[in-house]
Amino acid sequence: MLILANRLWSPRSTKPLLKPIPCNLTTTASPPQPPPDAAIADLVLKTDSQTLTRTLEKYPVEWTPDLVDRVLKILWNHGPKALQFFKSLDHHLTYAHAVSSFDHAVDIAGRLRDYKTLWTLVARMRTRRLGPNPKTFSIITERYVAAGKPDRAIKIFFSMHEHGCVQELNSYNTILDVLCKSKRVEMADNKLFKVFRGRFRADTVSYNIMANGWCLIKRTPKALEVLKDMAKRGLNPTMTTYNILLKGFFRAGQIKEAWEFFLQMKKRKCEIDVVTYTTVVHGFGVAGEVRRARRVFDEMIGEGVLPSVATYNAFIQVLCKKDNVDNAISAFEEMLRKGYMPNSTTYNVLIRGLCHVGRMEKAMEFIERMKDDECEPNVQTYNVVIRYLCDAEEIEKSLNVFENMRDVNCLPNLDTYNILISAMFVRKKSDDMLVAGKLLIEMVERGFLPRKFTFNRVLDGLFLTGNQDFAKEILRLQSRCGRLPRRLKL
């Protein structure tokens, strides 16, 4: 385990200390040349920040906004490196960033809670007459709400005009949506909807957003009030409105009411679409009524509504959770026979189902099938495998998978680190605590903020297993980063 601990990235370097051990998740054949975006992302990860500008200036590629955006997406889970790349390329002699790249950089800075950089980018956009636009402010408000600052997000919405961006109905709907999806529908209702719906001339989209907000917190009576209010104001509900309410009933566990609502939709000759049927299939399945889910699935085909990939994904998920995984595989094969192309969600649902019943080898087969279908495993795929290996106390194998993520340009996210750090406490070994400490340092360097519980747990583990020096090193590092959740005497 100590060797595995040393294989994790050094606190002062972004390069692995040793080469990763081969694992079933990567092919043994000589790999083809990576695409330009992957090669550039790998270069950025390995290049020192002081020399990155010069390296990118000499790099033999034609820089385009699309290429830059793709690199930023690959580097998404390494926020500091992504911003280094953006800032370094900003000094390029022949290339200038587009609006889309600025929006990506603003989003990354917001995720890192680096608000100084965020507003510097906004000012630079305005100087270059690239914005900011309503999408930019949608990103900013969403990041402030995610950071637990909803009041600040509302103030930012009302200050848009100060940055040369006028508030209009679409931006009004966006801030409503951001608040509602974060389950702050009451704040949205009291501070924005009731007060300003007249000023912004709230439309059907506005009311749908509010109805969905109430459904997300399982308050379907309030959602029905929104529907009635729409009618009073002369706005006609759309299929989106009805699908929101239908899903709301299922989410609240009101299966009888959901079915009656669905029948009413049919009785009133609503043009029931694939989203409606997918909602019913998933709703019945989650409630454990798999046979009814299958009947509705078959009925939709009889009614001339073709299932979508999302419908199959919902049905496969239901079979994995509430029936058995072999039936889920049969549904997957049926999907292929009918000419549907599975996506990463399809595979991830199946892989999770196989892992859950301990069929790891079969899960690995499906990961290989993903690659054959040119549907590369993503961070969610790897997180599923890592989680179940950790649950089976296969710690070394889980660390191998973690290492191999680097080989395929799939950077770990916050969940990956939390899963692995938690697993290090199962065996209560000193070496495992060293791994946990190195993982903690790496996640902070990548811009992820550990929960106070995680931070304290790792420190306690290091102190209790005699790794006081390493614990103090982490404390000093965290203190310099300004992310010290508790005071400890060194």
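In this text the structure is predicted, and so the values were computed from the model without any measurement.

Reading the values: the criteria
Residues numbered from 1 in each chain as written. Predicted model: local features only at pLDDT ≥ 70, side-chain atom pairs only at ≥ 80, totals over all residues. Heavy atoms only, no water. Helix = DSSP H or I, 4+ residues; strand = E, 2+ residues; numbered from the N terminus. Rg over C-alpha atoms; globule rule 2.2 N^0.38 Å. Buried < 20%, exposed > 50% of the residue type's maximum accessible area, 1.4 Å probe, protein only. Contact = heavy atoms within 4.5 Å. Areas by Shrake-Rupley, 256 points an atom, 1.4 Å probe, with all protein chains shown as cover. Lys, Arg positive; Asp, Glu negative; His and termini not counted. Charge placed at Lys NZ, Arg CZ, Asp CG, Glu CD. Axes fitted to C-alpha atoms, helices over the stretch in contact; angles between N-to-C directions. Parallel < 35°, antiparallel > 145°, perpendicular 65-115°, else oblique. Nonpolar A, V, L, I, M, F, W, Y, C, P; charged D, E, K, R; others polar. Core = buried A, V, L, I, M, F, W, Y, C linked by side-chain atoms within 4.5 Å. 1 Å grid on protein atoms, 1.4 Å probe; cavity = no way out; pocket = protein on both sides within 12 Å on 5 of 7 lines; lining within 4 Å. Points joined across faces, edges and corners; volume = space filled by probe spheres on them. Patch = residues over 30% accessible without salt bridge, like charges linked within 9 Å, V, L, I, M, F, W, Y side chains within 5 Å. Salt bridge = Lys/Arg side-chain N within 4 Å of Asp/Glu carboxyl O. Expected span 1.5 Å × (residues − 1). Arc of directions from axis to C-beta. Left-handed = near helix turned anticlockwise from the far one by under 90°. pLDDT = per-residue confidence, 0-100.

1. Details of the overall build of the protein
- Helix and strand content of the protein: 27 helices and zero strands.
- On C-alpha atoms alone, the protein measures out to a radius of gyration of 25 Å, which is about the 23 Å that the 2.2 N^0.38 rule sets for 490 residues.
- Principal-axis analysis of the C-alpha atoms places the extent of the protein at approximately 70 × 60 × 50 Å.
- Going through the 490 residues of the protein one by one, you find that 50% of them count as buried.
- Within the protein, contacts between residues at least 6 apart in sequence are counted, and of these 64% link residues at least 24 apart.
- Summing over all exposed atoms, the protein offers an accessible surface of approximately 24,000 Å²; the carbon and sulfur share of this is 51%.
- Looking at charge distribution, the protein has the averaged site of its 75 positive side-chain charges lying 7 Å from that of its 54 negative ones.

2. Some points on the packing of helix α16 (residues 274–286) against helix α18 (residues 309–322)
- Close contact between α16 and α18 brings their axes to 9 Å; oriented N to C, the two are set at 5°. Classified by the angle between their axes, α16 and α18 sit roughly parallel to one another. Contacts from Val-274, Thr-278, Val-281, His-282, Gly-285 and Val-286 of α16 reach α18 at Ala-310, Thr-311, Ala-314, Phe-315, Gln-317, Val-318 and Lys-322.
- Along the lines of polarity and charge, the residues of the contact of α16 with α18 split into seven nonpolar, five polar and one charged.

3. Observations regarding the nonpolar core
- Phe-85 and Ile-351 are the most contacted members of the largest nonpolar core, which totals 154 residues.
- In terms of residues, this core owes the most to one element, helix α25 (residues 430–445), which gives nine residues.
- Those residues in contact with Ile-351 that sit more than four places away from it in its chain are Ala-363, Phe-366, Ile-367, Met-370, Thr-381, Val-384 and Val-385.

4. As for empty space enclosed by the protein
- Overall, the coordinates contain two cavities of 30 Å³ or more when judged by the stated rule.
- Here the largest cavity is characterised by a volume of approximately 60 Å³.
- Considering the residues around the largest cavity, the lining is formed by Pro-134, Phe-137, Ser-138, Thr-141, Phe-157, Met-160, Ser-171, Thr-174 and Ile-175.
- Listing elements by their share of the lining of the largest cavity, those giving two or more residues are α8 (134–146) and α10 (169–181).

5. Details of a negative patch on the surface
- Together, Asp-372, Asp-373, Glu-374 and Glu-376 make up a region of like negative charge exposed at the surface.
- The residue Asp-373 is located in the loop between α21 (360–372) and α22 (379–391) in this model.
- Since its relative accessible area comes to 30%, Asp-373 is described here as partly exposed.

6. Observations concerning helix α6 (residues 99–111)
- Spanning 13 residues, α6 covers 18 Å between terminal C-alpha atoms, matching the ideal 18 Å at 1.5 Å per step.
- The buried count for α6 comes to ten of 13 residues, which makes it a mostly enclosed element.
- For α6, the full list of buried residues reads Ser-101, Phe-102, Asp-103, Ala-105, Val-106, Asp-107, Ile-108, Ala-109, Gly-110 and Arg-111.
- Buried-residue contacts for α6 involve α4 (65–74), α5 (79–89), α7 (115–127) and α8.
- Following α6 by one or two positions, Arg-113 adopts a phi angle in the positive range, close to 60°.

7. Section: helix α9 (residues 150–158)
- Within the span of α9, buried status applies to Pro-150, Ala-153, Ile-154, Ile-156 and Phe-157. Buried residues of α9, seen end-on, are gathered within an arc of 160° and therefore sit on one face of the element.

8. Some points on unusual backbone geometry
- Residues Gly-131 and Pro-132 are joined by a peptide bond in cis, for which omega reads 0°.
- By the element assignment, Pro-132 lies in the loop between α7 and α8.
- For Arg-201, which is not glycine, the phi dihedral falls at a positive 55°.
- Unlike most non-glycine residues, Lys-428 shows phi in positive territory, near 55°.
- Take Lys-428: it is sitting in the loop between α24 (414–423) and α25.
- The class for Lys-428 is exposed, based on a relative accessible area of 67%.

9. Notes on the packing of helix α2 (residues 36–46) against α4
- Here α2 crosses α4 at 55°, and the two axes come no closer than 9 Å. Judged by the inter-axis angle, α2 sits oblique to α4. Taken as a pair, α2 and α4 cross one another with a handedness that is right-handed. On the side of α2, the interface is formed by Pro-36, Asp-37, Ala-38, Ile-40 and Ala-41, while α4 contributes Leu-67, Arg-70, Val-71 and Ile-74.
- Its residues placed into classes, the contact of α2 with α4 shows seven nonpolar, no polar and two charged.

10. Here we look at the side chain of Asn-313
- The residue Asn-313 is located in helix α18 in this model.
- Contact partners of Asn-313, with chain neighbours within four places excluded, come to Met-335, Asn-343, Thr-345, Thr-346 and Val-349.

11. A few points about a positive patch on the surface
- The grouping of Lys-321, Lys-322, Arg-352 and Arg-387 at the surface amounts to a positive patch.
- Position of Lys-322 relative to the elements: it lies in helix α18.

12. Here's the deal with the confidence of the model for the protein
- Taken residue by residue, the protein gives an average pLDDT of 89. The fraction at 70 or more is 91%.
- For the stretch residues 484–490, pLDDT sits under 50, and the model shows 15 contacts to residues farther than four places along the chain or on other chains.

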